[in-house]
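Breakdown of the fold
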Amino acid sequence: MPARKLTPDYEPDGCRVHGSLTLNKVAGNFHITAGKVLPISGAHAHLTTFMQEHEYNFTHRIEKLSFGDSVAGIIQPLEGEEKLTDINLMNFQYYIEVVPTLVDGYVGKKTTYQYSVKELARPISHNEGSHGTPGIYFKYDISALKVEVTKDREPFWQWLVQVCAGVGGVCATSNLVALLVKWCVQTVCCRLGSAAATADGASRNSSNSTNKASVKAPMTKNQLNASTESQPLFSS
């Protein structure tokens, strides 16, 4: 329920009206106004000659207004509606179109009614040509259409197929991601290993070529004689 637009700082002095009505399935109205009721040939009039203008106040709040039995899921547009006014002579009119509704649930069928509403508010001033009786009027009409609400639930096997499809999709996607990561790791590692092996092979080849050159270098005859003469002789 919506919160009140204005919280009064004084003791409530309004009227709380509640009850239920039996309505025919034809257009009609029910209203709340001031004055004594005078029946006139199947209708009635309100006698308000004993009331002063400052005694009127039709500020109101609708806590609940529904047609038919209460059914879960049916929204009542006028519940929580609040009208505040400083004008004493006000005429509030609600034009309601009632739509018969058949709710087919899991536990059976229920017949109820939902409605749409349009509203009009105007001040009453006989001097300015705005005539009428101040009050709150609900004018309703029964729609020729009927709404049928059904609740459907998917079978268990269909839900199971959807779950299996979701699990299979997750597994397939994870497998693809794992293969992609593995390929990336192998590619990077192979390239780094090949580069390291190539560099090591090149260094070994250069070392071997240097050793071979030092061993195979021939010595001349003069170098041999100089080497022999330079060795010290020891006598026993």
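All values derive from a computational prediction rather than experimental measurement.

Quick look at the overall build of the protein now. Regarding its fold elements, the protein presents two helices and 10 strands. Reading the protein from its N terminus to its C terminus gives the helix and strand order β-β-β-β-β-β-β-β-β-β-α-α. Put simply, of all contacts in the protein between residues at least 6 apart along the chain, 65% involve residues at least 24 apart. Surface exposure of the protein reaches about 18600 Å², of which carbon and sulfur atoms provide 58%.

With that settled, consider the environment of Lys 110. Relative to the helices and strands, Lys 110 resides in strand β8 (residues 109-123). A residue is classified by how much of its surface remains accessible, and Lys 110, at 48% relative accessible area, is partly exposed. On a C-alpha basis, the gap between Lys 110 and Val 71 in space is 7.9 Å, while along the polypeptide they are 39 residues apart. The contacts of Lys 110, once residues within four sequence positions are left out, are Val 71, Thr 101, Leu 102 and Val 103.

What follows deals with the pattern of salt bridges. Tallying each qualifying case throughout the model produces five salt bridges. For Glu 63, the salt bridge is made with Arg 61, and the minimal N-O distance between the two is 2.9 Å. Where Lys 83 meets Glu 119, a salt bridge forms, and the shortest distance between an N and an O atom there is 2.3 Å. With Lys 83 in strand β6 (residues 81-83) and Glu 119 in strand β8, this residue pair connects regions lying 36 residues apart in the sequence.

This part is about the nonpolar core. When a protein is soluble and globular, its nonpolar side chains tend to lie buried together. Formed by 20 residues in total, the largest nonpolar core has its most connected members in Leu 65, Leu 78, Tyr 94, Ile 96, Val 98, Tyr 115 and Phe 138. With five residues, strand β7 (residues 90-104) is the single largest residue contributor to this core. Ignoring sequence-local partners within four residues, the contact set of Tyr 94 consists of His 60, Ile 62, Leu 78, Glu 81, Lys 83, Val 117, Lys 118, Glu 119, Ile 136, Tyr 137, Phe 138 and Lys 139.

Taken as a whole and assessed by the stated rule, the structure comprises seven aromatic pairs. When the ring of Phe 67 is compared with that of Tyr 115, the centres are 5.5 Å apart and the planes differ by 75°; the resulting orientation is edge-to-face. Within this pair, whereas Phe 67 is found in strand β5 (residues 67-68), its partner Tyr 115 is found in strand β8, the two being separated by 48 residues in sequence. Overall, the relative accessible area of 6% leaves Tyr 115 in the buried class. Measuring from ring centre to ring centre gives 6.5 Å for Phe 67 and Tyr 140, while their planes differ by 55°; the resulting arrangement is tilted.

Right, let's get into the side chain of Thr 101. As for its position among the elements, Thr 101 is in strand β7. Relative accessible area serves as the criterion here: at 1%, Thr 101 is assigned to the buried category. Among the polar contacts listed, one links the side chain of Thr 101 to the backbone oxygen of Val 99, at a separation of 3.2 Å. A polar contact is formed between the side chain of Thr 101 and the side chain of Gln 114, at a distance of 3.1 Å. Not counting residues up to four positions away in its chain, the partners in contact with Thr 101 are Ile 74, Lys 110, Thr 111, Thr 112, Tyr 113, Gln 114, Val 147 and Val 149.

A contiguous nonpolar surface patch, about 480 Å² in accessible area, is contributed by Phe 156, Trp 159, Leu 160, Val 163 and Val 167. Here Leu 160 lies in helix α1 (residues 156-215). Its relative accessible area of 38% is what places Leu 160 among the partly exposed residues.

Definitions and limits used
Residues numbered from 1 in each chain as written. Predicted model: local features only at pLDDT ≥ 70, side-chain atom pairs only at ≥ 80, totals over all residues. Heavy atoms only, no water. Helix = DSSP H or I, 4+ residues; strand = E, 2+ residues; numbered from the N terminus. Contact = heavy atoms within 4.5 Å. Areas by Shrake-Rupley, 256 points an atom, 1.4 Å probe, with all protein chains shown as cover. Buried < 20%, exposed > 50% of the residue type's maximum accessible area, 1.4 Å probe, protein only. Salt bridge = Lys/Arg side-chain N within 4 Å of Asp/Glu carboxyl O. Core = buried A, V, L, I, M, F, W, Y, C linked by side-chain atoms within 4.5 Å. Phe/Tyr/Trp six-rings, centres within 6.5 Å; stacked < 30°, edge-to-face > 60°. Polar contact = N/O pair within 3.5 Å; in protein donor to acceptor, adjacent residues only side chain to side chain. Patch = residues over 30% accessible without salt bridge, like charges linked within 9 Å, V, L, I, M, F, W, Y side chains within 5 Å.

Distances and angles like these do not, on their own, reveal function.
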